Amino acid sequence: MKWLPSREQRELMEQIKAGRGRLYRVAFAWCHDAALADDLAQEALTRGLSRLEQLRESAKLMSWLFAILNRCWIDHLRARRRDVDDELLSELPSDLPGPDSHAERQETVSRVRRAIEALPLGQRQVVTLVDLEGFSYAEVAEVLEIPIGTVMSRLCRARGSLRGLLMEGATAQPRLRSVK
Amino acid sequence: MSDAKVFSDERLNAFVDNELGAQECDEILTAVATDAELGQRLCELRSAKELVRHAYGRVPQVRRQANRHLSFWSGALAASLTLTLGVLIGWLGHQSATATESHGTAAAWTERLFAAEPARILIHLDSSRSEQMEAALDLAEAYLAKASNARVEVIANNRGLDLLRARTTPYAERIAEIRSHHERVAFIACGQTIARLHGGGEDVALVPEAAVTRTAIEHVAERVQQGWTYLKI
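Predicted model, so just to flag it, every value in this text is computed and none were measured. (Residues numbered from 1 in each chain as written. Chains lettered and ligands numbered in written order. Predicted model: local features only at pLDDT ≥ 70, side-chain atom pairs only at ≥ 80, totals over all residues. Heavy atoms only, no water.)

(A) Structural detail: unusual backbone geometry. Its identity as a non-glycine residue notwithstanding, Glu 145 of chain A has a phi of 60 degrees, on the positive side. Note on placement: Glu 145 of chain A falls in the loop between helix 8 (137-144) and helix 9 (148-172). Residue class for Glu 145 of chain A comes out exposed when judged on its relative accessible area of 54%. Backbone geometry places Asn 18 of chain B, a non-glycine residue, at a positive phi of 55 degrees. (Helix = DSSP H or I, 4+ residues; strand = E, 2+ residues; numbered from the N terminus. Buried < 20%, exposed > 50% of the residue type's maximum accessible area, 1.4 Å probe, protein only.)

This is how it looks when you write it as structure tokens:
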């Protein structure tokens, strides 16, 4: 009888361990609160693993976990804002705490995070999933359970806002232009 | 005269994100060669994308004093780690085991486990039921007794943490005795469970033999990845 984990087991465990960091980073980009982001990532992982039998393709593990992270995030927002539907939730601006002291020490990082934080939640989710995780539009549509056209329009509005905010900052502080 | 308005912002975003087909990419690249304004728009979009990546390249790590946010999730979800791991292991290939059906038959289990090489076993306890606590310790002792070079870890989380809490464990002496006789055994408490209990104002003093890991799930994942045999009680 073989008791050692198979290569498939070890690879999936490795993916799951690495996935925690990815979930945390995106959750942080959504909420800008380290403790909450950690809870969201842990919760997504826990919920995901408890329903792992529903995952049919191991190649889709991460997009599946991000979809669960999205539902954890919505649950959290719902607990804070009762009687608000999902569509309206996605349009709400943030009232969460601002970037923490780590970011304050890095001017560009801080400015970009503030710009992200100023986006409506739905736009913030789309732009971070595309830019941080490199998900395709189709994958983001699947993760957030929205039409691909909505992904594109939200991304378009998000980048438009970011361009405006960041270029304003660049005018005030030309150093921003030096950041690729 | 600029041709930039020919291309919508959505299309330019799709170009920046590699979502366009070859023909559409060619059209934009051809236009960029003669349209500085279009080039500027693309440059700004790409810069915005890079800035987002840059802003979250390094994110702050959590420094928990108390688990202030856990309250918005139900206790049932927080307590689902056990099920999580059991399902995970089952899904991963049915090669690890749960000892649930083997209470009182630790010897039989150890016979089967000796087939594992190297001799490393992680025993996971998440229940405060005395028979399950006892089964975990029986299994650890049986394994240590039979394989002198074995490494054994008993990891406790959720209600299982009671095994390692000074005020709640009925087995403080037995844990001390096992530890005094075996250098290669470790008793490990889940840091997340401790944080949650602290957040609820509970005293979480541990027995002196206990070490603390960040989260049980991470520890289990790491050990399994290293080739340890995992057993959930």
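That was the structure; now back to the text.
(B) Representation of the nonpolar core. Ranked by size, the top nonpolar core spans 66 residues in total, and within it Leu 23, Phe 66, Leu 69 and Leu 129 of chain A together with Tyr 56 of chain B carry the most contacts. Of all the elements, helix 3 (residues 61-80) of chain A adds the most residues to this core, at 11 residues. Of all hydrophobic cores here, the second largest spans 33 residues; its members include Val 152, Tyr 171, Phe 187 and Ala 210 of chain B. (Core = buried A, V, L, I, M, F, W, Y, C linked by side-chain atoms within 4.5 Å.)

(C) Structural detail: helix 1 (residues 9-16) of chain B. Every buried residue of helix 1 of chain B is listed here: Leu 12, Asn 13, Ala 14, Phe 15 and Val 16 of chain B. Positive backbone phi, at 55 degrees, marks Asn 18 of chain B, one or two positions downstream of helix 1 of chain B.

(D) Representation of the environment of Pro 120 of chain A within the structure. Tracing the backbone through its elements, the reader meets Pro 120 of chain A in the loop between helix 6 (107-118) and helix 7 (121-131). Put simply, Pro 120 of chain A and Arg 157 of chain A are 37 residues apart on the chain and 9.8 Å apart in space, counted from C-alpha to C-alpha.

(E) Representation of the packing of aromatic side chains. Enumeration over the complete set of coordinates arrives at four aromatic pairs over all chains. With centroids separated by 6.2 Å and ring planes inclined at 35 degrees, the aromatic side chains of Trp 30 of chain A and Trp 73 of chain A adopt a geometry described as tilted. Here Trp 30 of chain A is found in helix 1 (residues 7-31), whereas its partner Trp 73 of chain A is found in helix 3, with 43 residues between them in sequence. With a relative accessible area of 0%, Trp 30 of chain A lands in the buried category. Relative to Phe 135 of chain A, the ring of Phe 66 of chain A lies with its centre 5.3 Å away and its plane at 80 degrees, an arrangement referred to as edge-to-face. You can see Phe 66 of chain A sitting in helix 3 and its partner Phe 135 of chain A sitting in the loop between helix 7 and helix 8, a full 69 residues away along the chain. Each of the two residues, Phe 66 of chain A as well as Phe 135 of chain A, counts as buried. Joined through ring pairs, the aromatic side chains of Tyr 24 and Phe 28 of chain A together with Tyr 56 of chain B make up one cluster. (Phe/Tyr/Trp six-rings, centres within 6.5 Å; stacked < 30°, edge-to-face > 60°.)

(F) Highlighting the confidence of the model for chain A. Residues and elements named next belong to chain A. Mean pLDDT over chain A: 76, with 67% of residues reaching 70 or higher. Scored below 50 in pLDDT, residues 1-5 shows 22 contacts in the model against residues more than four places distant or in partner chains. Taken as a whole, residues 173-180 scores under 50 in pLDDT and shows 16 contacts with residues more than four places along the chain or in a different chain. (pLDDT = per-residue confidence, 0-100. Contact = heavy atoms within 4.5 Å.)

(G) Molecular detail of the packing of helix 3 of chain A against helix 7 of chain A. All names here are of chain A. For the pair helix 3 and helix 7, interaxial distance at closest approach is 13 Å and the crossing angle is 160 degrees. As judged from the angle between their axes, helix 3 and helix 7 are roughly antiparallel. Considering how the two elements wind past one another, helix 3 and helix 7 form a crossing that is right-handed. Along its contact with helix 3, which presents Phe 66, Asn 70, Trp 73 and Leu 77, the element helix 7 presents Leu 121, Gln 125 and Leu 129. Tallied by class, the residues present in the contact of helix 3 with helix 7 amount to five nonpolar, two polar and no charged. (Axes fitted to C-alpha atoms, helices over the stretch in contact; angles between N-to-C directions. Parallel < 35°, antiparallel > 145°, perpendicular 65-115°, else oblique. Left-handed = near helix turned anticlockwise from the far one by under 90°. Nonpolar A, V, L, I, M, F, W, Y, C, P; charged D, E, K, R; others polar.)

(H) View of the pattern of salt bridges. Going through the model one piece at a time under the given rule, you end up with 23 salt bridges over all chains. Among the ionic pairs, Arg 20 of chain A bridges to Asp 38 of chain A, the shortest N-O distance being 2.9 Å. Placement of the pair is Arg 20 of chain A in helix 1 and Asp 38 of chain A in helix 2 (residues 34-50), with a sequence separation of 18 residues. Assessed through its relative accessible area of 6%, Arg 20 of chain A is described here as buried. Where Glu 131 of chain B meets Arg 129 of chain B, a salt bridge forms, and the shortest distance between an N and an O atom there is 2.4 Å. The network of salt bridges with shared partners includes Arg 20 and Asp 38 of chain A together with Arg 214 and Glu 218 of chain B. (Salt bridge = Lys/Arg side-chain N within 4 Å of Asp/Glu carboxyl O.)

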